Amino acid sequence: QVQLVESGGKFVQAGDSLRLSCTASGRTFNGYGMGWFRQAPGKEREFVAAIGYKMNAYHAESVKSRFTISRDNGQNTVYLQMNSLRPEDTALYYCGADSVPFGPVRFRSDEYDYWGQGTQVTVSS
């Protein structure tokens, strides 16, 4: 069984930076795509960023140039570096893992099979 544990969320001021981490256990890490999604109160879960097993990375338009997804296969961890944070970035951030090895990068939440418990990011103006 795959387990994902997110960390790094906190209360910050607008313009600050944060790095979220998601560590996986229970299977090999490097052959699977990973993604970050977020969900604000009263809203649907939305795509933030994804990275494939080939290290190809994609970001939502709303975070492009501010957020960067990366992965360290030796540490079984995927990161989300968030710079120039805005109040509208406030949400519960989730890490997702694909169950299909060597597959394409996924952009929809229903394409991920494993999820962590989420880490809260709150950005104050």
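Residues numbered from 1 in each chain as written. Predicted model: local features only at pLDDT ≥ 70, side-chain atom pairs only at ≥ 80, totals over all residues. Heavy atoms only, no water.

### Side note on the sheet that holds strand S7 (residues 67–72)
By way of backbone hydrogen bonds, the strands of a sheet pair with one another, either parallel or antiparallel. To keep it simple, the criterion reads: For two strands to count as paired, DSSP must find a minimum of two bridges between them. By the criteria applied, helices consist of DSSP H or I runs no shorter than four residues and strands consist of E runs no shorter than two, each listed in order from the N terminus. Every axis corresponds to a line fitted to the C-alpha atoms, with the helix fit spanning only the stretch in contact, and the corresponding angles, defined between N-to-C directions, vary from 0 to 180 degrees.
In spatial order, the strands read S1-S3-S8-S7; together these four strands make up an open sheet with antiparallel pairing. Every interior strand has two partners, whereas the edge strands, strand S1 (3–7) and S7, have only one. Neighbouring strand axes in the sheet, compared pairwise and without regard to direction, differ in orientation by 15° on average. With five bridges joining them, S1 and strand S3 (residues 18–25) adopt antiparallel strand pairing. In the sheet register, Ser-7 faces S3, and the bridge partner there is Ser-21.

### Focus: the pairing of strand S5 (residues 46–51)
Looking along a regular strand, one sees side chains alternate from face to face of the sheet. Stated precisely, the cut-off is as follows: Remark: exposure states derive from per-residue accessible area (1.4 Å probe, protein chains only) relative to the maximum for the residue type, with buried under 20%, exposed over 50%, and partly exposed in between.
Within S5, five of the six residues are buried, leaving the element largely enclosed by the surrounding structure. Relative to S5, strand S4 (residues 34–39) runs antiparallel, the two being bridged by five bridges. Each residue of the ladder has a partner; that of Met-34, found in S5, is Ile-51. Linking S4 back to S5 in an antiparallel pair, the connection comprises six residues, with Gly-42 at a positive phi of about 80°. Two strands pair when backbone bridges link them, and S5 and strand S6 (residues 57–59) are joined in this way by three bridges, in the antiparallel orientation. For Ile-51, the partnering residue across the bridge sits in S6 and is Ala-57. Taken together, S5 and the strand that follows it, S6, pair antiparallel across an intervening segment of five residues, in which Met-55 is found at a positive phi of about 75°.

### A short note on the state of the cysteines
Just so we agree on the cut-off: Criterion for a disulfide: a pair of cysteine sulfur atoms at a distance within 2.5 Å.
Considering all chains together, one arrives at one disulfide under this definition. Shown here is the disulfide that connects Cys-22 with Cys-95, its sulfur atoms set 2.1 Å apart. Here Cys-22 and Cys-95 share a disulfide; its torsion about the S-S bond, -70°, makes the bridge left-handed. Note that Cys-22 is positioned in strand S3 and Cys-95 in strand S9 (residues 91–97), a separation of 73 residues in sequence. No difference in accessibility class separates Cys-22 from Cys-95, as the two residues are buried.

### Points about the packing of aromatic side chains
Defined as follows: Whether two aromatic rings pair depends on their centres lying within 6.5 Å, for rings of Phe, Tyr and Trp, where Trp uses its six-membered ring; planes under 30 degrees apart make the pair stacked, over 60 edge-to-face, and the rest tilted. We call a charge positioned above a ring when the Lys NZ or Arg CZ atom is no farther than 6 Å from the ring centre and deviates by at most 35 degrees from the ring normal.
Counted according to the given criterion, the structure contains eight aromatic pairs. Ring centres 5.4 Å apart and planes at 75° place the aromatic pair Phe-37 and Tyr-112 in the edge-to-face group. Of this pair, Phe-37 sits in strand S4 while Tyr-112 sits in the loop between S9 and strand S10 (114–115), and the two are 75 residues apart along the sequence. Taken as a pair, Phe-37 and Tyr-112 share a single burial class, namely buried. Centre to centre, the rings of Phe-37 and Trp-115 are 5.3 Å apart; their planes meet at 75°, and the pair counts as edge-to-face. With Phe-37 in strand S4 and Trp-115 in strand S10, this residue pair connects regions lying 78 residues apart in the sequence. The class of Phe-37 is buried, set by a relative accessible area of 1%. The class of Trp-115 is partly exposed, set by a relative accessible area of 27%. Taken together, the ring pairs connect Phe-37, Phe-47, Tyr-58, Tyr-94, Phe-107, Tyr-112 and Trp-115 into an aromatic cluster. For Arg-45, the ring lying beneath its charged end belongs to Trp-115, and the centroid distance is 4.6 Å.

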